[in-house]
Amino acid sequence: MGNETGIGASILRKEDLRFVTGKGQYVADVQLPNMTVAVLVRSPHAHARLVSIDTTAAAALPGVVAIYTGADLAADGVGTLPCAWPVTGKAGMASREPAHPPLAQGKVRHVGDPVALVVAESLVEARNAAEAVVVEYDVLPAVVSVLAALEPGATAVFDDIPDNVCVDWEVGDSAATDLAFTKAAHIARISLVNNRLVGNPMEPRAAVGDYDRSRGKYTLWTTSQFPHIVKLLMGNVVLHIPQHKLRVVSPDVGGGFGVKQFHYAEEALVTWASGKIARPVKWVCERSEGFISDAHGRDHVSEAQLALDEHGKFLGLRVKTIANMGGYLSTFGPNIPTNLYGLLMAGVYTTPAIYCEVKAVFTNTIPVDAYRGAGRPEATFLLERLVDVAATEMGIDRAEIRRRNMIPPDAYPYQTPVMLEYDSGDPGGCLDRALATADWAGFPERRKASAARGKFRGIGLTTYVEACGLAPSRIATRLGARGGLFESATVRVHPTGQVTVLMGTHSHGQGHETTCAQIVSGKLGIPHDNIEVVFGDTDRVQFGLGTYGSRSAAVGGSALSKAADKVIVKGRKIAAHMLEAAETDIEFRDGRYTVRGTDMAKTFEDVALSAHYPVDYPLEVLEPGLEEQAFYDPVNFTFPCGAHIAEVEIDPETGVVELLRYVAVDDVGTVINPMIVAGQIHGGVVQGVGQALFEDCVYDQETGQLLSGSFMDYCMPRADQVPRVEVETHITPCTHNPLGVKGCGEVGTIASPATVINAVVDALAHLGVMHVDMPASPNRVWRLIADAGFTPAKAS
Amino acid sequence: MKIQLTLNARPVAVDVEPHELLSEMLRDRLGMTGTHVGCDTSQCGACVVHLDGASVKSCTVLAASLDGATVTTIEGLSDGTLHPMQQAFHENHGLQCGFCTPGMVMSAVDYARREPAPTEAGVRHWLEGNICRCTGYQNIVSAVLAGAAAMRAGGEA
């Protein structure tokens, strides 16, 4: 029975039943007795001095329980929201980490910066009071784009950081790269923008704080991907609550994509306020409020050059990027455009010399942090656009130039010139399959057919690698992480043989209740239905680092595999005693401990019962009970890779890009549940397609006002805008974790922006277009077509 | 304002505020949290319910206007066993985080009842007002087609 519901089975998800019936329990659904409602007063200005905050009139309104400002937090010793992953820049320069108080003090630094917290009996009363809080601002000039932030004399976001630079970082060998460029037969160049995005999980963020005075204990319900980290950062750094007096619960969470893997001000505010008023405090973010308070993603401006020899072989790569950090550092801010970006610049290629410089800068915009893919989509976009430019300029087929430079399968483990060592992969195999599935060779005919209908057709190709399975603690801490990145899992066997699994990871769409149970079902040979998976409650799960960076299966799943192995080992001791045989003679298979070569056996249930009813039990040498916890710290990242192909058709009259076909061939390592993996890739690809064709976070460059601040203005991909994604896997198992898994959560988003834009550029190449910035909106594409002097036949 | 309506096949009498939305009445007043709120501009469709048999975004309906109305939410779609559309979402992996799911299912049921000949393009067009961030819509579309076929086979559509 283990094999039917173990690793590799496309079994349906356990968690579905509560979601399809509306029984999911999200933070906004939490109702506690005597609960109050909180609303935040947020800055309408991108940059201003706080002259005064007058709460007198607001406090007198009906239903108001309390109003707090930054001064109240300061008086109470509330700390700053911490950055958990600073980096070290050139010449040992440490990231600058300015204070980030949960309520602004002295200055506001972005539209949406929280200024006051209003707590009232009802939402309506809280809103009314928030409108009555009088804040006097001395408005300052705002610095919005990364280029503006670096101009001489630019407004300083922080008075003590006059150049607006958080860190000036580098990786690779500058001299070796310069030397490679002196030998180049051709140098391809590109300048590009990786546009700012808003992650927009469908469930807006929410938080409920509750202080139990009788026990001196705080509970925070929050929409978080990593409740244990919130507990640690908020408890230890911000609110100074001892860890045993703080419980953080993340129940059902409606999507994360990175947006919910940061410690946010609102979490600390409702927790702190619940202690002040000794009543529960609930805050539920509105969508438009989320646009100005959720950390954003991407936002790079880059220049890069690729040196090639006369055969199109890559000799060297030089990258210079400016990355936006926003108005404060979010939890992982500086790590994203550095370690998760520069270290990926080898891609799947044998480029011998690479040098990447990244300047992370402060601006008067919402903080920027990880968003699905986090650094790796940006690296892939830059590299794969640049490779296409090189291929076009040198007249080499785009698949061929990639093949000539690809790491061959027998070169793994492969040490890149930018720190990472890839353990396994076969990107060439992925490429061959993608080319065959997408009928790359047949494209010219399809292009002709489109042309006959007056349409421009293009095909685009991308190969990629990502580093995920975050992370080996030893490497991560060397790269700046202020904490380990191992994972924990507990297998709790009940007296009757059913199992509760406690995971330190979280699940907010990934289906871990199903896949974790598959790992255990396969290991212990017990039915999938006999396993329940628990996560997201720091009082139930001892510790864990949470879910992000495609780490849950590779790190959490490996911890779970270890814990199940420990259960099997202890069970073997019990069975050996029961069967009066030597431990070494007991084999465990399909849920049965058997004396080798005999039919004498005890089932897993027999052993579980014996462990809890220890009559016939070796109590003198073995503790009763059957529960094991394991911690797993990987030795390396995992490195999914693959090849994606997109085909588009452009209507030159309207500039509308239609995505006709999308083929993804990915090496995600061992697949635990093919149905779930395909679902992750469908969703990931479409999220990247969103960036490529639709989504754009637009600020007014003068005022710092967010212009795309709602679903009316920010174009989320809809059902009628995307095709089916054709998913194939081409597996090389990870060589260093017990399951061979690599991770599948981000691959789609990493590859698809570059793939789609490569197709769009190909469709426009006959007009001399070499690059299109994202999103390739109808307006942008139409202008490119018009600027090229093309007039549609019908219009002429 | 006092109103009487039929909610999930049961008569309900409620005293609502003039500004109260159907979504607010369901969630905050009646504790029916299966109807989700994912935006504030009536774009996302997470709050879709049936009003007098037709799908509506419950964030666009004033509760005070519902005297005498019949409302069905995700909680009232089935009793004990899954509705064929719920079953189809489960079988086709048509959901991930589950937040958009109640609105998707309610919208899909209305589509299946209205459309005698469901098509992939038709489903995609119909679901244009329901945003999902997780699935890329692919398995949702498969689920709606399968659910519509099952509803037809069961005589519901």
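Cut-off values and rules
- Residues numbered from 1 in each chain as written.
- Chains lettered and ligands numbered in written order.
- Predicted model: local features only at pLDDT ≥ 70, side-chain atom pairs only at ≥ 80, totals over all residues.
- Helix = DSSP H or I, 4+ residues; strand = E, 2+ residues; numbered from the N terminus.
- Expected span 1.5 Å × (residues − 1).
- Contact = placed C-beta atoms within 7 Å.
- Nonpolar A, V, L, I, M, F, W, Y, C, P; charged D, E, K, R; others polar.
- Buried ≥ 20, exposed ≤ 12 C-beta atoms within 10 Å, placed from the backbone.
- Pairing = 2+ DSSP bridges.
- Axes fitted to C-alpha atoms, helices over the stretch in contact; angles between N-to-C directions.
- Domains from an automatic or database assignment.

The next point concerns helix α16 (residues 552-578) of chain A. In this model, α16 of chain A (27 residues) spans 37 Å end to end at C-alpha, consistent with the 39 Å of a helix rising 1.5 Å per residue. Backbone geometry just downstream of α16 of chain A places Glu580 of chain A in the positive-phi region, at approximately 50°.

Taken residue by residue, the interface counts 42 residues in chain B and 44 residues in chain A. Taken together, the residues of the side of chain B that touches chain A sort by class into 18 nonpolar, 18 polar and six charged.

Next up on the list: the environment of Gly625 of chain A. Residue and element names in this part refer to chain A. The topology assignment puts Gly625 in the loop between α17 (604-612) and β25 (627-632). Residue class for Gly625 comes out partly exposed when judged on the 14 C-beta atoms lying within 10 Å of it. A sequence separation of 14 residues divides Gly625 from Ala611, and the C-alpha atoms of the two residues are 4.8 Å apart. Setting aside residues no more than four positions away along its own chain, Gly625 makes contact with Ala611 and His612.

A few words on α17 of chain A. Every buried residue belonging to α17 of chain A is among Phe604, Val607, Ala608, Leu609, Ser610 and Ala611 of chain A, and all of these are buried. The inward-facing, buried residues of α17 of chain A contact β19 (487-493), α15 (512-524), α16, β23 (592-595) and β24 (601-603) of chain A.

What follows concerns the sheet that holds strand β6 (residues 134-139) of chain A. Residue and element names in this part refer to chain A. Judged by pairing direction, the sheet is antiparallel, and its three strands sit side by side in the order β4-β2-β6 without closing on themselves. The open sheet has two free edges, formed respectively by β4 (107-108) and β6, since each of these has just one partner strand. Here strand β2 (residues 48-54) pairs with β4 via two bridges, running antiparallel. Bridging from a neighbouring strand, Arg49 pairs with Lys107 of β4.

A few words now on the sheet that holds strand β15 (residues 353-362) of chain A. All names here are of chain A. Spatially, the five strands line up as an open sheet ordered β7-β15-β14-β13-β8, and their pairing is mixed. Strands with a single pairing partner mark the edges of an open sheet, and in this sheet they are β7 (165-172) and β8 (186-194). If you compare each strand with its neighbour and ignore which way they point, the axes differ by 10° on average. Across nine bridges, the pairing between strand β13 (residues 300-308) and strand β14 (residues 314-326) is antiparallel. Residue pairing for β14: Ala307 is matched across the bridge by Gly316. Across the sheet, helix α6 (residues 174-182) touches β7, β8, β13, β14 and β15, and the angle it forms with β15 is around 120°. Sheet strands in contact with helix α10 (residues 376-394) are β8, β13 and β14, and its direction is about 140° off that of β8.

Residue and element names in this part refer to chain B. Domain boundaries assigned for chain B yield domain 1 (2-76) and domain 2 (84-153). The gap between the C-alpha centroids of domain 1 and domain 2 is 21 Å. With 15 residues of domain 1 in contact, the opposing surface of domain 2 contributes 11 residues. For the side of domain 1 that touches domain 2, the secondary-structure elements that each account for two or more residues are β3 (48-51) and β4 (54-57). A breakdown of the residues in the side of domain 1 that touches domain 2 according to their chemical character gives seven nonpolar, eight polar and no charged.

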